[in-house]
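# Descriptive analysis of the structure
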Amino acid sequence: MDPEWSRLDPRTIAVNLMRTAGSLVPLFIGLVVLGNRSVTDSVISLALLAVATVAVAAADVVRWFRTSYRITDERVELRGGLVTRTHVTIPRDRVRRVETTARLLHRVLGLTVLTVGTGERGMGEGDTLRIDAVRVAHAAALRAALLAPPDQITAVAGGAPGAASASGAEGSVGGTGTEGGVGGTGIGTTGAPGLPGAPQEQVLERFRWSWAPYDVLSYWTLLVPLLLLSVLFQFVSAAGVDPLGADVVGQGSGWLTDAPLGLAVAVVVVGGLAVGVIGSFALFVSTWWGYMLVREPNRTLRLQRGLFTTRVTTIDESRIRGAEFRQSYLHRRVHAGRLLVIAQGLSGQEGATSDRSDALAPPLPVASADRLTALALGLPGSSPLGATLHRHPVGALRRRLVRAALTTLAVALLTGLAIGPGPAPLAAAALAAVFGALALLYAADTYRGLGHSVSGSFLVTRQGAALRRTTALACQGVIGWHVRQSWFQRRRGLATLVATTAAGSGAYEVLDVELSTAVAVADAATPGLLTPIIDR
Amino acid sequence: MIVAAAVVAASSAYVVQMPRIRYRIHRWEVTDDAVYTKSGWLTQDWRVAPMSRIQTVDSSRGPLQQSLGLATVRVTTASAAGAVAISALDADQAAALVQHLTVRTQQTPEDGT
């Protein structure tokens, strides 16, 4: 028999209310405090605000009443929607990722948001399901049950004492919800392996202060001072003060212009950098505080982190297909980078790297990344990310040099046109020369970044200069190949080999290798699959 | 005038030649183990989807294809980038192919990932 539907924790309403109230504060200030109007106008504004608040609050309550979820032997289901009813169903054998996220307000009230993902993109809405929000203990029980091995699958809350029931009396729902949470801890899997402190857990990595500098060393740190300056500038302008004419700024800039130029520049640069470093450091601590990567006994990896918003991601180990190491140019200079896991259910979607669910660790030194990769992938030896890679043919370098030359030519022409005749063409030529030199260096660096190898049971490929990505994809995770040849590639006898997979971004490329090499690589990774067509 | 003439010449050359080149290049093959296609003309693309990894098989016919008695067969795998399409097959042949692939993929019980 399917278990009853469960409601969200009633405290969710309080969280939503506080959030709504918080978002109305700026409006309140704008309308009533700053709005330079008569008393009646202010009263009307206040009344409108009050009506809006009540309406939103009512909507929150109704939404809470209409949202319910249940976990049966076969499915996870969520019903909800304020006006349009929605019903999301995920078969339990499709669950690849379970994540809990608790923002500050949630944590104060002991709540957390449970996200269940299948990792099947192109399915739209049915891909993920968010239970927003339940008690922390109940979420832990749900998480453990959802990731239990198939032979231990049980319906959660089925027959559990005091399971939160949607049909329960309104007054007692709060109580039953809590009991359901506590009672739920014991069900799902025997031994509750998901609970912290269980004996068989293996901690693979922990938070380290020594990694902070690598996180601070990012393009963001350089960008933060610029952003802050522009915000300040706009704020001052909006307040009706000409920023350059204002006394304070005027005095400051006056002092700057009076001082030796070098000193002025140094002050601005150092000050801006200090702001950037402090900001990045604060972000590092708030994102990665309490970071821990743990191997749980039931073949899952648990990744937890966060100071204010805490986040726990659980990955089914049998769904892990490899790892990716990303190095910005800055990180390459200090031999560090970011480590991502390639797994089904963790989308390879681009975004702020610190916010990605597939980030296995904060930016870390190469040696630590290699060690952690081997541990996380369960490999006895060294990490495939550290494998020696084959160099790509010279044709690949030529292609990149030609691209750089053409880009330089275009830039030179455009600047030439923009500047027009006169003495300026000399400057344009100088500019083009500098740009050209940089472009050629960039091209050479991109070429040096290219590499591939089939190392052990992994296909390893590397590409990129500004962001160098090294990916190790398990050969057993390759579910198809593309070989692509543009007209230019055919002229040089080159091809791009693409391995398709169900994990991560779905496709990993080996750029610009000889056609025979592409076939050989594919053949080494998945014997006998690609050869039949290329031969004829 | 010269520019217009050049544009007309180029586009008629394109209209006359491109389909021929494409037709010469495009290939497909279904073996016991996999589905293969080759397509494109300036950029050419070989694609392979192993039989054991195929998740869905479907065919579609646009209005133009219907009037010409053609159909496109599309095979998808669990990868977002893994779809393999065999475009403009003879409609009867496409139906037979879909039937064959459906039967074949049901015989390989892996979960395709």
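### So, the confidence of the model for chain B
All names here are of chain B.
- Mean pLDDT over chain B: 87, with 95% of residues reaching 70 or higher.
- Taking the mean pLDDT of every element in chain B, the minimum, 87, falls on strand S4 (residues 54–60) and the maximum, 91, on helix H1 (residues 2–25).
- Interface predicted TM-score (ipTM) for the complex: 0.89; the corresponding pTM is 0.78.

### Some points on the sheet that holds strand S3 (residues 75–80) of chain A
All names here are of chain A.
- Pairing is antiparallel across the open sheet formed by 4 strands, whose spatial order is S1-S2-S3-S4. Sheet topology places strand S1 (6–7) and strand S4 (86–91) at the edges, where each strand pairs with a single neighbour.
- Sheet analysis places S3 next to S4, joined by 6 bridges and oriented antiparallel. Within the sheet, the bridge partner assigned to Glu 77 lies in S4 and is Thr 89.

### Here we look at the nonpolar core
Residue and element names in this part refer to chain A.
- In terms of nonpolar packing, the biggest core is built from 72 residues, with Ala 323, Leu 339, Val 341, Leu 360, Leu 473, Leu 497 and Ala 518 touching the most fellow members.
- Those residues within four positions of Leu 360 in sequence are excluded, and the remaining contacts are Leu 293, Leu 303, Leu 339, Leu 340, Val 341, Leu 372 and Ala 376.
- Listed in part, the 28 residues of the second largest apolar core include Ile 71, Val 116, Leu 142 and Leu 147.

### Quick look at unusual backbone geometry
- Cis geometry marks the peptide bond from A:Asp132 to A:Ala133; its omega dihedral reads 5 degrees.
- Mapped onto the fold, A:Ala133 is located in strand S7 (residues 128–135).
- One non-glycine residue, B:Ala88, lies in positive phi territory at about 55 degrees.

### So, the sheet that holds strand S10 (residues 300–305) of chain A
Residues and elements named next belong to chain A.
- Strand order across the open sheet formed by 7 strands is S7-S6-S5-S11-S10-S9-S8, with antiparallel pairing between neighbours. Of all the strands in the sheet, just S7 and strand S8 (202–206) have a single pairing partner and so form its edges. Each adjacent strand pair in this sheet contributes to an overall mean axis angle of 15 degrees, direction not counted.
- Across the sheet, helix H4 (residues 136–146) lies against strand S5 (97–102), strand S6 (111–117), S7 and strand S11 (310–316), angled at about 20 degrees from S6, the strand it touches most.
- Across the sheet, helix H11 (residues 366–376) lies against S8, strand S9 (292–296) and S10, angled at about 155 degrees from S8, the strand it touches most.

### Digging into the domain arrangement of chain A
Residue and element names in this part refer to chain A.
- If you check the domain split of chain A, you get domain 1 (6–184), domain 2 (213–288), domain 3 (292–390 + 450–534) and domain 4 (394–449).
- Look at where the C-alpha atoms of domain 3 and domain 4 centre, and you get two points 32 Å apart.
- Listed per partner, the contact involves 11 residues of domain 3 and 9 residues of domain 4.
- Contributing elements (two or more residues each) for the side of domain 3 that touches domain 4: strand S16 (458–463) and helix H14 (487–492).

### Concerning the interface of chain B and chain A
- Listed as interface residues are 21 residues of chain B and, on the opposing side, 21 residues of chain A.
- Mapped onto the side of chain B that touches chain A, the elements with two or more residues apiece are strand S2 (34–39) and strand S3 (44–50) of chain B.
- The element that contributes the greatest number of residues to the side of chain B that touches chain A is S3(B), accounting for 7 residues.
- Tallied by class, the residues present in the side of chain B that touches chain A amount to 10 nonpolar, 7 polar and 4 charged.
- When strand S18 (residues 478–485) of chain A meets S3(B), the two strands line up antiparallel, connected through 5 bridges. Its bridge partner being in S3(B), A:Gln485 is matched across the sheet by B:Gln44.

Rules used throughout
Residues numbered from 1 in each chain as written. Chains lettered and ligands numbered in written order. Predicted model: local features only at pLDDT ≥ 70, side-chain atom pairs only at ≥ 80, totals over all residues. pLDDT = per-residue confidence, 0-100. Helix = DSSP H or I, 4+ residues; strand = E, 2+ residues; numbered from the N terminus. Pairing = 2+ DSSP bridges. Core = buried A, V, L, I, M, F, W, Y, C linked by C-beta atoms within 7 Å. Buried ≥ 20, exposed ≤ 12 C-beta atoms within 10 Å, placed from the backbone. Contact = placed C-beta atoms within 7 Å. Axes fitted to C-alpha atoms, helices over the stretch in contact; angles between N-to-C directions. Domains from an automatic or database assignment. Nonpolar A, V, L, I, M, F, W, Y, C, P; charged D, E, K, R; others polar.

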